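Structural description and commentary
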Amino acid sequence: MRHFPSRRIVCLTEETVETLYLLGDEDRIVGVSGYAVRPPRVRREKPRVSAFVSADIPKILALEPDLVLAFSSRPASPPTSSARASMSTSSTSARSPASWR
């Protein structure tokens, strides 16, 4: 069951992990990128479910997330079909709009 606001979030980027901790929403995070290091306690508190270019989809699905926050180097890059079919995802890109052409 999906909730709003999301209660179970998987963060596949270190920036989203740090932002949720800074907002005091760390209890909503159920899985993180292996690269998440801030705040330092995140490595003790949260299971790691991804590396930079790969994600353990079965492990993520087992966490039953309401939302998966990801990053793509390509604008509008879709998540894998298995992830897209089972999870709500939000993917961001750091590229400028000029590079989208």
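This report concerns the structure included in the present document. (Residues numbered from 1 in each chain as written. Predicted model: local features only at pLDDT ≥ 70, side-chain atom pairs only at ≥ 80, totals over all residues. Heavy atoms only, no water.)

For the rest of this paragraph, the subject is the environment of D27. In this structure, D27 sits in the loop between helix 1 (14-22) and strand 2 (29-33). Each C-alpha atom of the pair D27 and R8 lies 8.4 Å from the other, and the pair is 19 residues apart in sequence. (Helix = DSSP H or I, 4+ residues; strand = E, 2+ residues; numbered from the N terminus.)

Right, let's get into the side chain of S50. Looking at the secondary structure, you find S50 in strand 3 (residues 48-50). Residues within four places of S50 in sequence aside, it is in contact with L12, V32, S33, G34 and A55. (Contact = heavy atoms within 4.5 Å.)

Pairs may arise between side chains of opposite charge once their charged atoms sit close together. The tally for this structure, following the rule as stated, stands at four salt bridges. Ionic pairing is found between R41 and E26, a salt bridge with its closest N-O pair at 3.2 Å. Within this pair, whereas R41 is found in the loop between strand 2 and helix 2 (42-45), its partner E26 is found in the loop between helix 1 and strand 2, the two being separated by 15 residues in sequence. Ionic contacts of the salt-bridge type, sharing partners, join the residues E26, R41 and E45 into one network. (Salt bridge = Lys/Arg side-chain N within 4 Å of Asp/Glu carboxyl O.)

Time to look at helix 1. T16, V17, L20 and Y21 are the residues of helix 1 that are buried. Along the axis of helix 1, the buried residues cluster in a sector spanning 135°; they form a single face. Looking at the packing, one finds that the buried side of helix 1 touches strand 1 (9-11), strand 2, helix 2 and strand 4 (67-71). Phi turns positive one or two residues past the end of helix 1, at G24, with a value near 80°. (Buried < 20%, exposed > 50% of the residue type's maximum accessible area, 1.4 Å probe, protein only. Arc of directions from axis to C-beta.)

The buried count for strand 2 comes to five of five residues, which makes it a mostly enclosed element. For the segment spanning strand 1, helix 1 and strand 2, crossover handedness is right-handed. Sheet analysis places strand 2 next to strand 3, joined by two bridges and oriented parallel. Of the residues in strand 3, the one forming a bridge with S33 is S50. (Right-handed = clockwise from strand over helix to strand, strands pointing away. Pairing = 2+ DSSP bridges.)

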